[in-house]
Amino acid sequence: MTYARAIEYRITRNLLARRSGPVASPETHLAERLIAIGAVTTALLLGGSYLPELVTAAIAASGLWVTAAG
């Protein structure tokens, strides 16, 4: 085995050992789930608050486009 191949095997072993690290505890899964729920809720609230303005802007833009095209 060449020196380069030995280094390659060592790097591969280190990466695989890192990947199969400690298993997350149930508390970690709960925390990740709560963070995801909070992020989705925040995104929906922000998106919902901007939706009327976005619809109004889209209607105004389409009116300008029709007026400019005609």
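Residues numbered from 1 in each chain as written. Predicted model: local features only at pLDDT ≥ 70, side-chain atom pairs only at ≥ 80, totals over all residues. Heavy atoms only, no water.

1. Some words on the overall build of the protein
Heads up, the rule is: Runs of H or I in DSSP of at least four residues are treated as helices and runs of E of at least two as strands, each being numbered from the N terminus. When accessible area is computed with a 1.4 Å probe and restricted to protein chains, residues below 20% of their type maximum are described as buried, those above 50% as exposed, and intermediate ones as partly exposed. Each accessible area value is a Shrake-Rupley result obtained with a 1.4 Å probe; residue values ignore everything except the protein chains displayed when judging cover.
For the protein, the count of helices and strands is two helices and zero strands. Classification of the 70 residues of the protein by burial places 0% in the buried group. For the protein, the accessible area works out to roughly 6500 Å², and carbon and sulfur atoms hold 70% of it.

2. Regarding a nonpolar patch on the surface
Heads up, the rule is: Patch construction takes residues with relative accessible area above 30% that form no salt bridge. Like charges are linked within 9 Å, and nonpolar side chains (Val, Leu, Ile, Met, Phe, Trp, Tyr) are linked within 5 Å. In the sections that follow, a salt bridge refers to a side-chain nitrogen of Lys or Arg positioned within 4 Å of a carboxyl oxygen of Asp or Glu.
On the surface, a nonpolar cluster with roughly 300 Å² of combined accessible area is contributed by Leu30, Leu34 and Ile37. Within the fold, leucine 30 resides in helix H2 (residues 26-69).

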